[in-house]
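What follows is each chain in one-letter form.
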Amino acid sequence: GPGTSGDALRERIAAELLAARERTAALTGCVEEPDLVAQHSPLMSPLVWDLAHIGNQEELWLLRNVGGRDPLHPEIDPLYDAFEHPRAERPSLPLLPPAEARAYTHEVRGRVLDLLETTALDGTGLLRGGFAFGMIAQHEQQHDETMLITHQLRHGPPVLADPPPAPAPGDAAALPAEVLIPAGDFTMGAAGEPWALDNERPAHLVHVPAFFLDTVPVTNGAYQRFIADGGYDDPRWWTAEGWQHRQRAGLTAPLFWSRDGATWLRRRFGTTEPVPADEPVVHVSWYEADAYARWAGRRLPTEAEWEKAARHDPATGRTRRYPWGDADPTPAHANLGQRHLRPAPAGSYPAGASAYGARQLMGDVWEWTGSDFTPYPGFRAWPYREYSEVFFGSDHKVLRGGSFAVAPVVGRATFRNWDYPVRRQIFAGFRTARDAEPRPGRTAAG
Ligand code: AVJ
Ligand code: FE
């Protein structure tokens, strides 16, 4: 975590800002100008919008709010306010062209590094634990994942480095299919994490009845059995809303899948390849995940169940920072940080197992939960309502655990992502759960 001494914290901040900028540069430097300004999907912004928005948020929070500086180019602020212009409308705005967008973000960054040198980080409010700087490093990394999604939607030959993950050391078939998490209280949410975002707070005690959770995320192979068994054509497995969406959108398989005779293929960052049976399924909507779970006689885990399985240590009663303990993630723990452009085979990363033996809770694929995105008891919007508060309610479902595209600085075990249940361009998969004891008021299938 962020160091205790001012210098160590300053170094950590500089390193996180640099890591984010290197990733941004790689994602925007590998395509030509037309690909930067084009809209590859109405669901996404042009890459050049993300680029200048990253600089604009950094200017707003660090140079203006922390540093008290005057705006560099106040006239561009409305262009890069995500709430003023929905994504579909962004390509028609008078956006900064790529060279100007790069120059602007570069200019902001130079001034931010000067500010970092002269700012006391032991303050309160925005500066407590270097929060504003940590928030901005996370913001850039979150947009880097967004830009990676845009790359996945883009047509054309591959442009990104694609080193394969190491073969799984543990075979998922040799692991127990599910782990038991006995009933009991655990502390959910972030405590003592200076860079945790508002929706992760406050830490609070939750009682979780006994349940079983899949040891690994649902694989492509398992998902193909759902398809082959007519899962997409059987309204029994779908909620009414989900079935309506499945019909209207004509869903028959995960996004980016196609069929060549008996073989399922997928398009992945410009390459078409056979769907690997042993990898976690990715690019499914919440409705598809929910239908699969019902077909399997199971259900999606709640958010509290997911976090307890990931963080609770039954031997000590403590809540860990990560599934494997309190140490920051390393490449041995999890497939995070866009080291690979795909999830690793199910059963990988034994060093990242939780106390209960569940694997790959961090990294690989975002995991849909059954829960709506709602505030924890005692929630306070910080530092702005538009980060989380305006999204609370039943429109959004929570995803947990992070994907291969999530940077370690974002990939806390308390981090909460959210999206509409129809969305599937995100790197989302899931795992399933079931009650361990009959519960009053629930059907057998939960
Ligand atoms: C937390 C991923 C849903 O991308 O909409 C970026 C993150 N917030 N800029 C999003 C975010 C403001 C957010 N998600
Ligand atoms: Fe943003």
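Residues numbered from 1 in each chain as written. Chains lettered and ligands numbered in written order. Predicted model: local features only at pLDDT ≥ 70, side-chain atom pairs only at ≥ 80, totals over all residues. Heavy atoms only, no water.

### Some words on the sheet that holds strand 1 (residues 178-181)
If you trace the three strands from one edge of the open sheet to the other, you get 1-4-12, paired in antiparallel fashion. Two strands bound the open sheet, and with one partner strand each, they are strand 1 and strand 12 (433-435). Direction aside, the axes of adjacent strands within the sheet are offset by 20 degrees on average. Direction of pairing for strand 1 relative to strand 4 (residues 211-214): antiparallel, over a ladder of four bridges. (Pairing = 2+ DSSP bridges. Helix = DSSP H or I, 4+ residues; strand = E, 2+ residues; numbered from the N terminus. Axes fitted to C-alpha atoms, helices over the stretch in contact; angles between N-to-C directions.)

### Digging into the confidence of the model for the protein chain
Residues shown with low pLDDT carry predicted positions that ought not to be read at fine detail. For the protein chain, the mean per-residue pLDDT works out to 96, and 98% of the residues sit at or above 70. Both scores are available for the predicted complex, with the pTM at 0.97 and the ipTM at 0.99. (pLDDT = per-residue confidence, 0-100.)

### Here's the deal with the coordination of the iron ion (ligand 2)
When a metal holds four donors in a tetrahedron, each ideal angle between them is 109.5 degrees; when it holds six in an octahedron, the ideal angles are 90 or 180 degrees. Around the iron ion (ligand 2), the protein contributes the donor atoms H53 (NE2), H139 (NE2) and H143 (NE2), at 2.1 to 2.2 Å from the metal centre. Metal-centred angles of 91 to 171 degrees between the four donor atoms at the iron ion (ligand 2) mark the site as irregular. In terms of primary sequence, the donors binding the iron ion (ligand 2) are separated according to H-x85-H-x3-H. Placement of H53 in helix 3 (residues 47-66) and of H143 in helix 5 (residues 131-153) is noted, with a sequence separation of 90 residues between them. A single burial state applies to H53 and to H143, both of which are buried. (Donors = N, O, S within 2.8 Å, 3.2 Å for Na, K, Ca; no water. Tetrahedral: all angles 85-135°; square planar, octahedral: opposite > 155°, others 65-115°. Buried < 20%, exposed > 50% of the residue type's maximum accessible area, 1.4 Å probe, protein only.)

### Brief notes about the packing of aromatic side chains
In this structure the tally under the stated criterion is 28 aromatic pairs. Both rings, one in F373 and one in W418, keep their centres 4.3 Å apart while their planes meet at 10 degrees; by these two values the pair is stacked. Within this pair, whereas F373 is found in strand 8 (residues 366-373), its partner W418 is found in strand 10 (residues 417-419), the two being separated by 45 residues in sequence. In this structure, F373 and W418 share a single accessibility class: buried. (Phe/Tyr/Trp six-rings, centres within 6.5 Å; stacked < 30°, edge-to-face > 60°.)

### Re the site of ligand 1
Residues in contact with ligand 1, as listed here, are H139, Q142, H143, Y387, N417 and W418. H143 places a side-chain nitrogen or oxygen 3.2 Å from a nitrogen atom of ligand 1. The protein chains hide 75% of the 360 Å² of surface that ligand 1 would expose on its own. Listing elements by their share of the shell around ligand 1, those giving two or more residues are helix 5 and strand 10. Top contributing element to the shell around ligand 1 by residue count: helix 5, with three residues. Broken down by class, the residue content of the shell around ligand 1 amounts to two nonpolar, four polar and no charged. (Near = heavy atom within 4 Å. Polar contact = N/O pair within 3.5 Å; in protein donor to acceptor, adjacent residues only side chain to side chain. Areas by Shrake-Rupley, 256 points an atom, 1.4 Å probe, with all protein chains shown as cover. Nonpolar A, V, L, I, M, F, W, Y, C, P; charged D, E, K, R; others polar.)

### Some remarks on the side chain of R359
Within the secondary structure, R359 sits in the loop between helix 9 (303-311) and strand 8. Accessibility expressed as a relative area gives 12% for R359, which makes it buried. Among the polar contacts listed, one links the side chain of R359 to the backbone oxygen of G347, at a separation of 2.7 Å. Non-local contacts of R359, meaning those with residues more than four positions away in its chain, are made with L175, T215, V216, P217, G347, S348, Y349, P350, A353 and R431. (Contact = heavy atoms within 4.5 Å.)

### Structural notes on the nonpolar core
One broad trend across soluble globular proteins is that nonpolar side chains are buried collectively. Core analysis: the biggest nonpolar cluster contains 115 residues, and F133, L148, Y223, W368, F427 and F430 have the highest contact counts within it. Ranked by residue count, the leading element in this core is helix 5, at ten residues. (Core = buried A, V, L, I, M, F, W, Y, C linked by side-chain atoms within 4.5 Å.)

### Brief notes about the sheet that holds strand 8
Judged by pairing direction, the sheet is mixed, and its four strands sit side by side in the order 10-9-8-11 without closing on themselves. With one partner strand each, in any of the chains shown, strand 10 and strand 11 (428-429) form the two edges of the open sheet. Direction of pairing for strand 8 relative to strand 9 (residues 393-400): antiparallel, over a ladder of four bridges. Across the sheet, F373 pairs through a bridge with G393, a residue of strand 9.

### Brief notes about the pattern of salt bridges
A side chain with one charge may pair with a side chain of the opposite charge, provided their charged atoms come close. A full pass over the atoms with the stated rule returns 37 salt bridges. The shortest N-O distance in the salt bridge between R298 and D214 comes to 3.1 Å. On the criterion of sequence distance, the pair formed by R298 in the loop between helix 8 (286-295) and helix 9 and D214 in strand 4 is long-range, its members being 84 residues apart. Since its relative accessible area comes to 11%, D214 is described here as buried. In this structure, a network of salt bridges that share partners links the residues D162, R266, R268, E273, E279 and R342. (Salt bridge = Lys/Arg side-chain N within 4 Å of Asp/Glu carboxyl O.)

### Examining helix 5
The terminal C-alpha atoms of helix 5, which comprises 23 residues, lie 33 Å apart, in line with the 33 Å expected from a rise of 1.5 Å per residue. Summarising burial for helix 5: 22 of the 23 residues are buried, a large majority. (Expected span 1.5 Å × (residues − 1).)

### Overview of the pairing of strand 4
Neither face of strand 4 is open: one carries F211 and L213, the other F212 and D214, and all of them are buried. Judged from the three bridges that link them, strand 4 and strand 12 form a sheet pairing that is antiparallel. Within strand 12, the residue paired with F211 across the bridge is D435.

### Let's talk about the pairing of strand 7 (residues 271-274)
The two faces of a sheet get side chains in turn, since along a regular strand they alternate between them. When strand 6 (residues 263-268) meets strand 7, the two strands line up antiparallel, connected through four bridges. Note on strand 7: the bridge partner recorded for R266 is E273. The antiparallel hairpin formed by strand 6 and strand 7 contains two residues in its connecting segment, where F269 sits at a positive phi of about 50 degrees.

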